[in-house]
Amino acid sequence: MASKLKTDVLETVSGSGTIALTNQLSGMTTASLPALGSAQMPAGSVLQIVSDIYAGGDDHSTTSTSFVDTQLSVAITPKFANSKILVQMVMNVQSPVGSRGESKIIRGSTALSSISWVGPNDSHENWGVTAGTWEDLPNTTSAITYKVQSKALSGRFYYHSGGCISSLVLTEIKV
C-alpha cells in the first residue's frame, strides 16, 4: 500500500515565510523532463560503449611471425573529434614450452600497444590472460575500427585458448 502526504503549505526553514504547492506538479510526466543531449553532458561523461566478445570455444593459434587478426574487432564513430576512447582488451593465451607470442591493439593501421607473452622453459605449458587498458585520442568523428592482432615470436602461439571468453571494449568519453 502506497503512502500519501497531503499538505497545502510548507513553511521555510527560517519560519519567515511559506511555500505554496497548489498544483505545482500537475500534468508533469517523465516525458516532459528536458533531455540531456551529448553536447550538454559534462566532461568525463560516457557517451557510448561498444564491444566484441569471442566465446567460440575453439583454440586459435599461429606460427606466423607476421601479425594475424584474432577475430576481435570493434568499430566506433566518435560523437566528438576531441573524445577519448578507452580501449580495454582481455584475451586468453597459451604458450607451449619454449614458445613466445605477441599481441597488439591497432586503430586502423596504427599500433597503439603491444604485449609479449613468453612460454615457460620447463616442461609445462603456460596458460594465462593478456589484458590491458589504453587511452586513445583518434581526433575524428568518422568511423574507426580497433582490433587485436597476434603473432608467434617463436614456436606456436595460442590465442582465445581454453574455450575462455576474450573481449575488446571501447568506451567513448567526453573531454
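Before reading on, note that the structure itself is shown above.
A. Molecular detail of the overall build of the chain. On a plain count of helices and strands, the chain comes out with zero helices and 12 strands. Each helix (α) and strand (β) of the chain, taken in turn from the N terminus, gives the series β-β-β-β-β-β-β-β-β-β-β-β. Burial analysis of the chain (175 residues in total) assigns 33% to the buried set. Counted over contacts in the chain with a minimum sequence separation of 6, partners at least 24 positions apart contribute 77%. Accessible area for the chain stands at about 10400 Å²; split by element, carbon and sulfur atoms hold 52% of it.

B. Looking closely at the environment of Met41. With respect to the secondary-structure elements, Met41 resides in the loop between strand S2 (18-20) and strand S3 (46-54). Along the sequence, Met41 and Val175 sit 134 residues apart, while their C-alpha atoms lie 9.9 Å from each other.

C. Seen up close, the environment of Ser99. Relative to the helices and strands, Ser99 is located in the loop between strand S6 (84-95) and strand S7 (100-107). In this structure, the C-alpha to C-alpha distance between Ser99 and Phe157, residues 58 residues apart in sequence, is 6.8 Å. Only 3.3 Å separates the side chain of Ser99 from the backbone oxygen of Arg156, close enough to count as a polar contact.

Rules used in this analysis
Residues numbered from 1 in each chain as written. Predicted model: local features only at pLDDT ≥ 70, side-chain atom pairs only at ≥ 80, totals over all residues. Heavy atoms only, no water. Helix = DSSP H or I, 4+ residues; strand = E, 2+ residues; numbered from the N terminus. Buried < 20%, exposed > 50% of the residue type's maximum accessible area, 1.4 Å probe, protein only. Contact = heavy atoms within 4.5 Å. Areas by Shrake-Rupley, 256 points an atom, 1.4 Å probe, with all protein chains shown as cover. Polar contact = N/O pair within 3.5 Å; in protein donor to acceptor, adjacent residues only side chain to side chain.

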